[in-house]
Amino acid sequence: MHKRRKGLRLPVVIAAGVLAAGGLAATVQFSASADPQTDAATSRQQEFASAAEEFHVPVSVLLGLSYQESAWDTHGGHHSTSGGFGPMHLTDVTPAMMAAGDAGGAGRDDLASMAANPALHTLQTAAKLIGQSPDTLRKDSAANIRGGAALLASYQKTVAGGTTADADKWYGAVARYSQSTQRQGAVSFADRVFNTVRKGASHTTQDGQRLRLAASPSVDPTETQVDRLHLKKSANADIECPPAVQCTFVPGSPAGVQVSNRPANGIRIDTIVIHDLESTYDAGVNGLASPTNPAATHYVMRSSDGAVTQMVPTTNIAFHAGNYSTNMHSIGIEHEGYAAQGATWYTEAQYEATATLVKYLAARFDIPLDRQHVIGHDNVPGPADKYVSGMHWDPGNGWDWGHFMGLLGHGYSGVHSTPTVGSVVTIDPGFAGNVQTVRVCPGDDPSDSSSTACADKQQESNFVYLRKAPDASAPLFGDQSIHGQSGDGTNRINDWGSTAQSGQQFVVADVQGEWTAIWFSGAKVWFHNPDGKNAKITYGVKIIRPSGSDSVAVYGQSYPDAAEYPAGLSPSTQSALSMYSVPAGQAYVATQAPALTDDYFKSSGTVVFGKKKMYTIQYNHRVGLVYENGVTATPVTKHWENRGN
């Protein structure tokens, strides 16, 4: 599926077509302008209006459906990870798509039969309905929208016997358009489409098209129409999912799972890790189900409609994060997609379904909904020195953390204003307008085996670059595990050390003009922050400092001391990450109380707790751990004053 971006509301509107919403006439709205370039920027909106009129589909329904499928983008004729093309995400999956890169199907004899499912070839069906070639529907947005409208109208005729101007009567057809064979998945998709119709939406696409769907709050779809589709109901009553998402269960690889009894056995669950698969949904599920796979995850999210496959019960420990301590205390959620492709295939359906799942899990396990507890795989610390530089960097710069945290009901608090030394800031550069240049090299994108050279790409991004001095020409900060203690960073997409990410919180070390310095990875680094536009001044956290004149060690794991293990159990060992420390005079942010060190032994089901506690701090792009007994913690309130930083 396609990327979701925040749009721009158009300031002046004129009526340019008629749509039906809940049986009432309403207007599709365009920007009023005599400028040919402005008119060209709204041509796709007219394509929706024309297709809706031609095939007798309420334009509000057509726009709402396309927004959920693609956010109205074309992506230059390229297909999504689900094999979908254009604004209507018409699918045409080929055996080559299933075999590509890490999708997992290369060399299989049954690829042709796997790809023969008619549900994977809605583009072919739509092309026949409008008398155009499939290639035209892949490349031409108007033809793609016409084909999608014709396909939706054909479903409406099957479900309801004919088309109608009443948007309320299109629920069954929209559910059918999801191609889901599961009732819950089809219903969830239709609900999201009609929720978009009710709320309205606006967006500027990747190719500069400005579209708007006016809100129609009175729409009340006939949900019983879905009964006519005769879809399957989920048979697994033990699935741990909220009612609003389609959820099936496929057992994950036993090699990647430790049977446990979290949290009843005392192992807290306090973190949710967001991943991407670096593959398609089906290939990811199949790969993670392989009994020889040493990795596992709790949930996998589909891009097209937000459907979910649970693979590991939350009581069990899944090896998903590359760090056993994180695995012990976390739930992993994988997403269909490729990190190097930026936001391209993270859909609104996927965001909303994931947010629904995360809120459900957070309520069950009392997980704080902040960015130290809802993190990306790229925020997980390396467990030991030799693993730090190679830690994963997904879901990457294209995951819209600001939007996602807003869907969780926990958007970033604070105000955009020039900060003062010693205050705390939350990185918040926005997303749609935060276009950064990243370098993508061969091997960064598993779906692209043809790339032979590095190329700079501009992508909407969730981060700000960090520099060694308050100057746009200054070198980027280089993470010590990748570039040594003094090396410069790069803008390569997987060089995570030179970026501070949306939602992460840091203590301000200095301010010079339009530049703000923060304590980061044991150094003072700078990001461009004119008038505070890229960060919010924040309260309600704790500032962590060394309690003495010596530096404090930073760890990637949280195990008890060897003497704290019972006889007969071999202690796990850990060492401080040698490239990192918190020097005296520096300060970092924690959002939660310190937690006891602990460990788990699957063979006996034994949980071992140490007597020491560790804080999780936002250390650099990743979190880190420091012992409570080596630091002081100062709460930050609105009356907090600078105390020595």
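Residues numbered from 1 in each chain as written. Predicted model: local features only at pLDDT ≥ 70, side-chain atom pairs only at ≥ 80, totals over all residues. Heavy atoms only, no water.

Things to note about the side chain of Arg-302
Stated formally: Only DSSP runs of H or I reaching four residues or more are called helices, and only runs of E reaching two or more are called strands; each is numbered from the N terminus. Pairing of N or O atoms within 3.5 Å defines a polar contact, subject to two protein rules: one partner must be a possible hydrogen donor and the other a possible acceptor, and residues neighboring in sequence count only if both atoms are side-chain atoms. Between two residues, a contact is recorded if the distance between any of their heavy atoms is within 4.5 Å.
Assignment of secondary structure puts Arg-302 in the loop between β10 (299-301) and β11 (308-310). Within polar-contact distance, the side chain of Arg-302 engages the side chain of Asp-305 at 2.7 Å. Residues in contact with Arg-302, not counting those within four places in the same chain, are Gln-246, Tyr-281, Ala-307, Glu-336 and Gln-350.

Quick notes on the nonpolar core
For clarity, the cut-off: As used here, the term nonpolar core means buried Ala, Val, Leu, Ile, Met, Phe, Trp, Tyr and Cys residues forming a set that is joined through side-chain atoms within 4.5 Å. Under the scheme applied here, a residue whose accessible area is under 20% of the maximum for its type counts as buried, over 50% as exposed, and between as partly exposed, the area being computed with a 1.4 Å probe on protein chains only.
Among the nonpolar cores identified, the biggest contains 50 residues, and Phe-48, Leu-62, Leu-152 and Val-174 are the most heavily contacted of them. Only α2 (43-54), α3 (59-70), α6 (122-130), α8 (141-160), α9 (171-177), α10 (183-199) and β6 (210-213) provide two or more residues apiece to this core. Dropping the residues within four chain positions of it, Leu-62 is found in contact with Phe-48, Ala-51, Ala-52, Val-57, Met-88, Ile-145, Ala-149 and Leu-152. Counting residues in each nonpolar core, the second largest holds 37 residues, with Val-507, Trp-515, Val-552 and Val-554 among its members.

Considerations on the state of the cysteines
The line we're drawing: Only a pair of cysteine sulfur atoms within 2.5 Å qualifies as a disulfide here.
For the coordinates displayed, the defined rule picks out 2 disulfides. Each sulfur in the disulfide pair Cys-241 and Cys-247 lies 2.0 Å from the other. Summarising the burial analysis for this pair, Cys-241 and Cys-247 share the class buried. A sulfur-sulfur separation of 2.0 Å characterises the disulfide bridge that pairs Cys-441 with Cys-454. The sign of the 115 degrees torsion about the S-S bond sets the Cys-441-Cys-454 disulfide as right-handed. Of this pair, Cys-441 sits in the loop between β17 (435-440) and β18 (455-460) while Cys-454 is found in the loop between β17 and β18, placing the two residues 13 residues apart along the sequence. Since its relative accessible area comes to 7%, Cys-441 is described here as buried.

Regarding the sheet that holds strand β9 (residues 271-274)
Note the following rule: Two strands pair under a simple rule: DSSP has to find at least two bridges between them. Axis lines are fitted to C-alpha atoms, over the contacting stretch for helices. Their N-to-C directions set the angle, which ranges from 0 to 180 degrees.
Read across the open sheet, the 6 strands follow the order β7-β11-β10-β13-β9-β14; overall the sheet is mixed. At either margin of the open sheet sits one strand with a lone partner, and together these are β7 (247-249) and β14 (374-376). In this sheet, neighbouring strand axes are inclined to one another by 25 degrees on average, regardless of whether the strands run parallel or antiparallel. By the bridge criterion, 3 bridges tie β9 to β14 in an arrangement that is parallel. The partner of Ile-272 across the bridge, within β14, is Val-374. Together, β10 and β11 form the strand contacts of helix α11 (residues 281-289), whose direction differs from that of β10 by roughly 165 degrees. The strands that helix α13 (residues 348-365) touches are β9, β10 and β13 (330-335); relative to β13, the one it contacts most, it runs at about 170 degrees.

Considering the pattern of salt bridges
Definition in use: The term salt bridge refers to a side-chain nitrogen of Lys or Arg lying within 4 Å of a carboxyl oxygen of Asp or Glu.
Here the structure, examined in full by the defined rule, presents 15 salt bridges. Here Glu-54 makes a salt bridge to Arg-146, at a shortest N to O gap of 2.7 Å. One end of the pair, Glu-54, is in helix α2; the other, Arg-146, is in helix α8, with 92 residues separating them in the sequence. The shortest N-O distance in the salt bridge between Lys-139 and Asp-135 comes to 3.2 Å. Remark: Asp-135 and Lys-139 occur in helix α7 (residues 134-139); sequence separation between them is 4 residues, near one turn of the helix. Residue classification places Asp-135 among the partly exposed residues on the basis of a relative accessible area of 36%.

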